[in-house]
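These are the residues of each chain, in order.
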Amino acid sequence: MSASERAAATEVPPGAPVATRRLLPLLARLGDRYGTLVGFAAMVLLFCLLRPSTFATWDDLRSIVEQASPILVLAVGLTLVLSTGHFDLSFPGILNLASAGAVLIMTEAHEGWAIAVLIGLAIGLVSGVIAGVGVASGRASSFIITLALSTIWSGLAIGISGARTITDVPTSYLNITFNTVLGIPNAVIVAFCVTLVMFSLMRWSAFGRYTQALGSNASAARLAGIRVSTTQVFAHVLFGLCAGIAAILLSSSSGQYTPSIGSGSLITPFVAVFFGTSVLAARRFNVFGTVVGTLFIGTLQTGMVVLEIAPWVSEVILGAALILILVAVAKRSR
Amino acid sequence: MSASERAAATEVPPGAPVATRRLLPLLARLGDRYGTLVGFAAMVLLFCLLRPSTFATWDDLRSIVEQASPILVLAVGLTLVLSTGHFDLSFPGILNLASAGAVLIMTEAHEGWAIAVLIGLAIGLVSGVIAGVGVASGRASSFIITLALSTIWSGLAIGISGARTITDVPTSYLNITFNTVLGIPNAVIVAFCVTLVMFSLMRWSAFGRYTQALGSNASAARLAGIRVSTTQVFAHVLFGLCAGIAAILLSSSSGQYTPSIGSGSLITPFVAVFFGTSVLAARRFNVFGTVVGTLFIGTLQTGMVVLEIAPWVSEVILGAALILILVAVAKRSR
Amino acid sequence: GSSNKGASASNKGSSSSGSLAPGQVANVKKETIGVVDLKRDAPIQDRMDEALEAGGKALGWDVKVTDCNGEPEKVTAAMNAFANEHVNAMIVESIGVESAPRAVQELEEAKAPIIAIGGSVPANSAYAAQYTENETELATILAEKIVEDHPEGAKIGDITLTIAPATVARNEALKEVVAVSGGKAEIVTSAQFELENIVSSTEKIVTDMLTAHPDINSIWGVADDTVQPGIAAILKKHSNAQLYSFYSDPSSLEALRKKGNPLAAVADVNLQEGAIVALDQLVGYFQKNTPIDPNALPALPYKIIDRENVPPEGEETYPLKETLQPYEEKWEKEYPAK
Amino acid sequence: MAPEDMEPLAQLKGIDKRFEAVHAVKGVDFEVGAGEVVGLIGANGAGKSTLVRILAGEERFDAGSMRVQGADARFASPRQALERGIARMPQELTLVEGCSVAENILLGRLSAASGIVRWRRVRARAQVLLERVGLDDVHPDQPIEELTPVQQRLVTIAQALAKGPELLILDEPSAALPVDAAERLFPIVRQLADEGVGIVYISHRLEEIVRLCDRVVAMRDGRVAGTLARGELDVEAMVVLVGGRALAEEPEPIAASNVDGEAVVRAEGLGGRRVNGLDLELRRGELVGIGGLQGSGRSELLRLLAGAQQPSSGTLEVLGAPVARSLRESVKRGVGYLPEGRARTLFPDLPVMMNTSIAALERLRRLWLLVDGRAERAAVREIADDVGLIGALDAPVKVLSGGNQQKVCLSRWLLRGCDLLLLDEPSAGVDVHVRAEIHQLLRQLSAKGITVVVASAEPEELALLCERVIVLAEGRISGELRSPFTADSVVAVSYAA
Ligand SMILES: Nc1ncnc2c1ncn2[C@@H]1O[C@H](COP(=O)(O)OP(=O)(O)OP(=O)(O)O)[C@@H](O)[C@H]1O
Ligand SMILES: Nc1ncnc2c1ncn2[C@@H]1O[C@H](COP(=O)(O)OP(=O)(O)OP(=O)(O)O)[C@@H](O)[C@H]1O
Ligand SMILES: [Mg+2]
Ligand SMILES: [Mg+2]
């Protein structure tokens, strides 16, 4: 850890005038705490200035938030799992299999959208149970167990769908995300509810505190009489459910099932969650930070599309923005 | 932790006859230690039995090892970084940028292959320094810092190459991997040397000890007077160099630079390294285990192509094999 | 809010009085066209974009190409952004509009047509027209070329991708040709490359195929991305197998020109034609309110490019100028500068 | 059959426990009655912790039987033991970093049936318990990692009390606990016993065993070596039971021969966070003790000398130069620093060997970078024998017994070889016999001209070992004692702030 080194670095040389000696540490402290949020706000402001006609509109805001919804659902679930000190990389597989299951039950078995939703959630749940039990067994790293699970689910998804893209999805299913309530897209409402639930769990429930205890010191948690395995399993199950919800949002909003629907979804939720640890100098995984992280990435990506920035430049900007905000401005993570 | 829970599962009921009471724990202990290797051997045997004409040939062995070479170089480097307790996800970007740099210096500036190799290594080195300094600063999680770096490098790679596929690569460069020494492809020799160096470093050098100390308890490492930041930076630099080497092997052997050369390379090295923690019940990241892990994946993939297993089935088998070997057979990781 | 909303505005014909921008040939009202491109890195997509940009220049239009870099989220973001910007028409290249129903709805309400070009994208009522090549025809001539090249019997190693509609169609065509060949061709083995990891995975499976079946004499590369890694693997295996694939990407043409290169032939079609037809239909729609004709694309000539007929260094299979010229002449005549 | 009320709270019969190579507990019979304080003593690695871990459900037993409150018991987890009223305060500090003090104290019992945490109630409960163990100045919302090891120790005691057990196991609660803190602990133990709680009290401080316990069980090499009833408690007898022999007589502390040798440490008006205005001078070859009560600043003084914390005022010269800007720099100049709280300095998953040699690798290098494995093993073996380390050198250090881990920490700096050795609680958790050997080792070092500074919570240890003791109180020097002096005089000066 380089906490002390950093502390030394922000120390002011003894010769500096008194005002500076007071001001600089204060600024550093404020920067530590609000740097991430200020960086985010500055970015939004910049986009609004550059393209006010598009960017600062209700329409645009809505599409940013709507597009971020499935990622948000994944990211808040991931926040919970990561706070137990373990990885869960099974969600790309869940996205694939739950989308395939939900869509096929409608196109092949001609069930309604409600059954399809249930199937999607059930697949997420089952995967969560398996992942949780596997991880709680402690036999191998959660990283590889859940990765292997993801591979299996993706394979099965291709197997049951015959590797086809399925587009004749009933309108009722598409309407899940197409409809709005008071102008707010359903997907946003769902994401908001999931976020609220996760926030409450992590903030106010004993279970949420126990996940964090687990992540910090598993043997202390066990000694304190916490049901370590149960907590672990439950965290993965909740995340599995989140992945199921995300799968439904994704397949409904993309209007189809393609065998690659979940691939490429691995990285963004992680970026959002890790970004979140720097928000308000939280230094741990937290739902509020994750929300900020998700919106940050969504806004940045949309902003670059709107400004018609070449993809390679936008990649460079994305990476540089992350590093700038996290390393230069925000508080050290530990 | 459920270490003791698992121990209970292997416990023998008090009524069992004496021979069983001795034998079962012994078997469990042997399984813990050699389970991973036995699983690997069983898989190879199975392939040989199913397709003896292809699988048990020198030719096939050579192509498996040759194909695995760039991944092996990445994976052993990754082993070192992970043993410091931090991630480094910058290598897909390094692969892209170093390949682009090496190829462009030949096609645009008409330099020779040696300069190209140096450019590739230099890019890896510079990236490693930046990643190391960023991570050692302790300001944000290594996960996101290195991921952001990867994004930047990939963007730059597309930028400098103009997003073109470049194929007019000089033969001298292609020969780096095309040539063989005593029938052994150069790529294999390079991978072997890199592995040997990393193995020695981690096993016998003071630096290797320091990385492991860092990974086990960073503040204790500081208290022991270890140069924590330097060690951290050096680990990332070595890994950056490995990624540079892998980039050269990859671009030379595929005979081209394409903008997607490094994408998709993220997961396999991680699987190999985490698999390696289960080999010989090491429970820590270790180079020998990583080598086994890399060969395991390479063999499995080749085996499925040779046996003409449908792609989705082979995905399911890959995932299931990992879970089976790691969870059911191998020793718990902690 | 944008000032030029919908087709009604364009009919008022407040065209600039005779002064044309450099390169502009027709005197038409300026329109903004949003182009959503899945991945411009891919040479075929780049060709279509170039055609759209050149055609747009000739008409004096603002053609905005968004390169989505293969990321689905960007596709949705791009479509939404175009809808929010109130473009006059949207052209999607090798990608469907399913993921952006709200953008589709807004464009429909604004009477801004959506046209799909390139790649085989599932039919959708949102498209005013779909000007795409016929994958089956394209693949059939390539498969027939394999059979023709190997009178002694074609033993085919099949590199496939079962998760994209276009590659599935091509593979079906291959199987069909093999089935009717009367034993002159045989698919010895087939394997799938990974979409996320094209280069390494293709190289690996071609190597493994050739190890397992040294008798393979033809490799079917179902997508143009497989050409270079396929070549590398064949060369390294010292195999005599010939590679067959699609599209005359610059790097593939170069390989065809090289002596001793295993790339034997590619099947190609002039995809730029579809792009320009789309513009042509849009001009009619905006200037004269003629409805967009879904069947406007003329029958495209599918052709095999092999070592014999490969265009010389510096030339393309389908020079854009030649494709564009008849349309430019037509536009110049119909909408002359005052 | 004995009537219900006659049956002891917990009863172990013929308990046997094996770890892979180690037979840690061999057929032990042990029982605790309600309201009884049973002392458990024994050498490091004798199996005390293993025995009580079995009792508390943290470890399974291979053979034997266990009865708790009249019913057979075979716990699968600490949780099950807790449900039957058994709580253990672990020997190592097991706290959840990133959580507040209150959360740590009430971890595992944060919620009622609803699953929702009532923060106000949690805080209030924690506050009461903190006051009970004498941590009035610690706020329940403070992050646990801000506390000193001693404060953290007291938190773990509060944590055990919070569980409201019927059988409370205290595994070395008083190791490295300063006099005042220990004095607050004893009444708590007695009071609980009077309320009918059965208590198992493990300690290497035999005087307090005499004061507290109703009965003492001594373990040696995994077996019960003997049991002493209330009347028979006496330190000499226990020493023999623990080590199989009487304690080696420690020599009188002798004045260093070169008291007017060169000054190795010279501080003027030295100040840190708590310590303030310290003037001191340590000479080559001196063996100096630092005494004081809880929070008096002993640890901080050592941190300042080691360069691990920068002084906020005054001047400080160490080894002839202004104090280094970082610990690393100090170590390079020849300072060895063993901080308090061994968990902070160990690499739990790494072998004992790597843990011991980590600071001395530069010395053990052979070719350019590579470590000479054979020389390393020989050197570690030698030092391990010197400090009486029991356990395989290739085992992860976390499986060693607490006292043996402490010896690893100490060995690291002995192996490195330093000119100035700063030791914060070097013998915390070490048994009496080994402690005498370590003292002998330190005397030899000092005779070789190495300056040794020992901060210790135990006045007895300072009186045995040091020729000169600097006593701190509330961050200032409250007195300096030169031998001969007694432990009581150290305590007296400590309180005289
Ligand atoms: N998990 C484990 N694996 C292997 N050996 C172990 C394990 N736990 C304890 N041991 C061994 O069992 C023996 C007894 O250890 P224990 O911790 O019970 O000693 P102790 O009497 O508490 O000593 P101390 O006074 O030092 O705390 C030691 O040799 C120790 O190394
Ligand atoms: N990092 C810190 N930040 C703020 N206060 C601290 C810090 N470390 C120690 N303190 C405070 O400084 C005082 C002196 O601490 P120190 O550890 O030197 O005491 P000590 O004499 O070793 O006492 P003990 O070991 O008995 O706690 C304590 O009251 C402690 O709360
Ligand atoms: Mg113990
Ligand atoms: Mg202290």
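Here, every reference points to the structure presented above.
This text gives an overview of the structure that appears in the document. Bear in mind the structure is a predicted one, so any value in this text is a computation, not a measurement.

### Quick notes on the site of ligand 1
Residues and elements named next belong to chain D.
Item 1. The local shell around ligand 1 holds 21 residues, among which Lys48, Ser49, Thr50, Ser401 and Gly403 are the closest.
Item 2. Between ligand 1 and Ser49, the relevant distance is 2.6 Å, taken from an oxygen atom to a side-chain nitrogen or oxygen of the residue.
Item 3. Between ligand 1 and the protein, one listed contact pairs an oxygen atom with a backbone N or O atom of Val399 at 3.2 Å.
Item 4. Notes on ligand 1: free accessible area 640 Å², of which the protein chains cover 88%.
Item 5. Counting residues per element, the ones that place at least two in the shell around ligand 1 are helix H1 (48-55) and helix H13 (402-416).
Item 6. Residue composition of the shell around ligand 1, grouped by class: 7 nonpolar, 11 polar and 3 charged.

### Quick word on the nonpolar core
Item 1. Ranked by size, the top nonpolar core spans 172 residues in total, and within it Phe270 and Phe296 of chain A together with Phe270 and Phe296 of chain B carry the most contacts.
Item 2. The residues contacting Phe270 of chain B, other than those within four sequence positions of it, are Phe143 of chain A together with Leu78, Leu82, Phe87, Asp88, Leu89 and Phe91 of chain B.

### A few points about unusual backbone geometry
Item 1. Omega for the bond connecting Ser483 of chain D with Pro484 of chain D falls within 30 degrees of zero, at 5°, which places this linkage in the cis form.
Item 2. With respect to the element layout, Pro484 of chain D can be found in the loop between strand E20 (476-482) and helix H16 (487-495).
Item 3. Phi is positive for His110 of chain B, close to 55°, though the residue is something other than glycine.
Item 4. Inspection of the secondary structure puts His110 of chain B in the loop between helix H5 (91-107) and helix H6 (113-136).
Item 5. Unusually for a residue other than glycine, Ser94 of chain C sits at a positive phi of about 55°.
Item 6. As for its position among the elements, Ser94 of chain C is in the loop between strand E3 (89-93) and helix H4 (101-109).

### Let's talk about the coordination of the magnesium ion (ligand 4)
Item 1. All of the protein donors around the magnesium ion (ligand 4) are Ser299 of chain D (OG) and Glu340 of chain D (OE); their distances to the metal are 2.0 to 2.4 Å. Taken as a pair, Ser299 of chain D in helix H9 (residues 298-306) and Glu340 of chain D in the loop between strand E16 (335-338) and helix H11 (352-357) lie far apart in primary sequence, 41 residues in all.

### What to know about the site of ligand 2
All names here are of chain D.
Item 1. Around ligand 2, 16 residues are found, and the nearest of them are Gly295, Gly297, Arg298, Ser299 and Glu300.
Item 2. In the environment of ligand 2, an oxygen atom lies 3.2 Å from a nitrogen or oxygen atom belonging to the side chain of Thr148.
Item 3. A distance of 2.9 Å is found between an oxygen atom of ligand 2 and a backbone nitrogen or oxygen belonging to Gly295.
Item 4. Within the complex, the protein chains bury 77% of what would otherwise be the 620 Å² of accessible surface of ligand 2.
Item 5. Sorting the residues of the shell around ligand 2 by element identifies helix H5 (149-162) and H9 as the ones contributing at least two each.
Item 6. Among the elements that make up the shell around ligand 2, the one with the highest residue count is H9 (4 residues).
Item 7. Residues of the shell around ligand 2, tallied by class, amount to 3 nonpolar, 7 polar and 6 charged.

What counts as what
Residues numbered from 1 in each chain as written. Chains lettered and ligands numbered in written order. Predicted model: local features only at pLDDT ≥ 70, side-chain atom pairs only at ≥ 80, totals over all residues. Heavy atoms only, no water. Near = heavy atom within 4 Å. Polar contact = N/O pair within 3.5 Å; in protein donor to acceptor, adjacent residues only side chain to side chain. Areas by Shrake-Rupley, 256 points an atom, 1.4 Å probe, with all protein chains shown as cover. Helix = DSSP H or I, 4+ residues; strand = E, 2+ residues; numbered from the N terminus. Nonpolar A, V, L, I, M, F, W, Y, C, P; charged D, E, K, R; others polar. Core = buried A, V, L, I, M, F, W, Y, C linked by side-chain atoms within 4.5 Å. Buried < 20%, exposed > 50% of the residue type's maximum accessible area, 1.4 Å probe, protein only. Contact = heavy atoms within 4.5 Å. Donors = N, O, S within 2.8 Å, 3.2 Å for Na, K, Ca; no water.

So far we have only geometry, and geometry alone does not tell us how the molecule works.
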